[in-house]
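Understanding the architecture of this molecule
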Amino acid sequence: KNEVEQSPQNLTAQEGEFITINCSYSVGISALHWLQQHPGGGIVSLFMLSSGKKKHGRLIATINIQEKHSSLHITASHPRDSAVYICAVDSYNTDKLIFGTGTRLQVFP
Amino acid sequence: NAGVTQTPKFQVLKTGQSMTLQCAQDMNHNSMYWYRQDPGMGLRLIYYSASEGTTDKGEVPNGYNVSRLNKREFSLRLESAAPSQTSVYFCASSDQGMSYNSPLHFGNGTRLTVT
């Protein structure tokens, strides 16, 4: 079993829909990162969080340390949100960053 | 502000050829990393440099070497390319050391094919 699991693997939505992407992990962490990989391949850091909730524009990231779970929400989705969203955890057990395999999101007009 | 600049964007090599992937950052970051991304797998760390003058192996270092030339530049060298090294390579940097408690900044990637 992978130490970082994301669901779903693929997601399609209509423009305007509310999107949720989930990340579950099995290791102790000091921080969790959400990244966005554009269709052209570039990777951008969206959030880094260790507790609670963070919001940036239409994006909201939450984390529940006790349940070892994080969610990334996109409100009022738009075709430009189409990308691969990657969860990564900073494991203090192994002192390394462990990446999920990503969730591919496609938003159609 | 260019951020992390990675070259080349694409490269095709024959088995046994060598090449160097270049990476430079202009954010005065201490830590730099090289990752590879393969289909169906998460990014995997090849080598990292926590600070100028230091380099360490990551999860998948075999077949690679690195040089932290100065604080800005961190290069990755394939001495004798193998088909198993066909992948997309990303350079990244962060302000703090290997605690990962600061955001990562990525280059745009290098798509390498070894035939």
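Residues numbered from 1 in each chain as written. Chains lettered and ligands numbered in written order. Predicted model: local features only at pLDDT ≥ 70, side-chain atom pairs only at ≥ 80, totals over all residues. Heavy atoms only, no water.

1. Considering the interface of chain B and chain A
We apply this condition: Two residues form a contact once any of their heavy atoms are found within 4.5 Å. Defined here as a combined quantity, buried area equals the accessible surface (1.4 Å probe) lost by two parts on assembly, summed across both. Salt bridges are defined as contacts in which a side-chain nitrogen from Lys or Arg sits within 4 Å of a carboxyl oxygen from Asp or Glu. Definition of a polar contact: a pair of N or O atoms within 3.5 Å, with one able to donate and the other able to accept a hydrogen when the atoms are protein atoms, and with sequence-neighbouring residues admitted only if both atoms are side-chain atoms. For this classification, Asp, Glu, Lys and Arg are treated as charged, while Ala, Val, Leu, Ile, Met, Phe, Trp, Tyr, Cys and Pro are nonpolar and the rest, including Gly, are polar.
The interface is formed by 18 residues belonging to chain B together with 18 residues belonging to chain A. Taken together, both faces of the contact between chain B and chain A bury some 1,400 Å²; the carbon and sulfur share is 60%. The interface formed by chain B and chain A contains 0 salt bridges. Remark: the boundary between chain B and chain A carries 1 residue pair in polar contact (both at pLDDT 80 or more). Across the side of chain B that touches chain A, the residue classes break down as 9 nonpolar, 8 polar and 1 charged.

2. Brief notes about the environment of Thr110 of chain B
Residue and element names in this part refer to chain B. Note the cut-off: Secondary structure elements are taken from DSSP: a helix is a run of H or I of four residues or more, a strand is a run of E of two residues or more, and numbering for both begins at the N terminus. Whether a residue is buried, partly exposed or exposed follows from its accessible area with a 1.4 Å probe, protein chains only, as a fraction of its type maximum: under 20%, in between, or over 50%, in that order.
Relative to the helices and strands, Thr110 resides in strand β11 (residues 110–114). The exposure class of Thr110 is buried, given its relative accessible area of 0%. Sequence separation between Thr110 and Cys91 is 19 residues; the distance between their C-alpha atoms is 8.9 Å. In this view, Thr110 contacts Gln6, Thr7, Pro8, Lys9, Leu21, Ser87, Val88 and Tyr89; residues no more than four positions away in its chain are not counted.

3. Remarks on the packing of aromatic side chains
Residue and element names in this part refer to chain B. Our working rule: For this analysis, a ring pair means two rings from Phe, Tyr or Trp (six-membered ring only for Trp) whose centres lie within 6.5 Å, classed as stacked if their planes differ by under 30 degrees, edge-to-face if by over 60, and tilted for the remaining angles.
All told, the structure shown has 5 aromatic pairs over all chains when counted by the stated rule. Between Tyr35 and Phe106, the aromatic rings sit 6.2 Å apart at their centres with planes inclined by 40 degrees, giving tilted as the arrangement. A residue pair is termed long-range when its members are at least 10 positions apart, and Tyr35 in strand β4 (residues 31–37) and Phe106 in strand β10 (residues 105–106) qualify at 71 residues. Like Tyr35, the residue Phe106 is buried in the burial classification. Measuring from ring centre to ring centre gives 5.9 Å for Tyr64 and Tyr89, while their planes differ by 65 degrees; the resulting arrangement is edge-to-face. Placement of Tyr64 in strand β7 (residues 64–68) and of Tyr89 in strand β9 (residues 87–94) is noted, with a sequence separation of 25 residues between them. Tyr89 gets classed as buried once you look at its relative accessible area, which sits at 0%.

4. Quick notes on the pairing of β9 of chain B
Residue and element names in this part refer to chain B. Heads up, the condition is: For two strands to be treated as a pair, DSSP must find no fewer than two bridges joining them.
Within β9, 8 of the 8 residues are buried, which leaves the element mostly enclosed by the surrounding structure. Burial of the side chains of β9 extends over both faces: Ser87, Tyr89, Cys91 and Ser93 are buried on one face and Val88, Phe90, Ala92 and Ser94 on the other. Relative to β9, β4 is paired through 7 bridges, and the arrangement is antiparallel. Across the sheet, Tyr33 pairs through a bridge with Ala92, a residue of β9. With 3 bridges connecting them, β9 and β11 associate as antiparallel partners. The residue bridging Val88 from the neighbouring strand is Arg111, located in β11. Bridge analysis of β9 against β10 gives 2 bridges, and the strand direction is antiparallel. Directly across from Ala92, in β10, lies its bridge partner Phe106.

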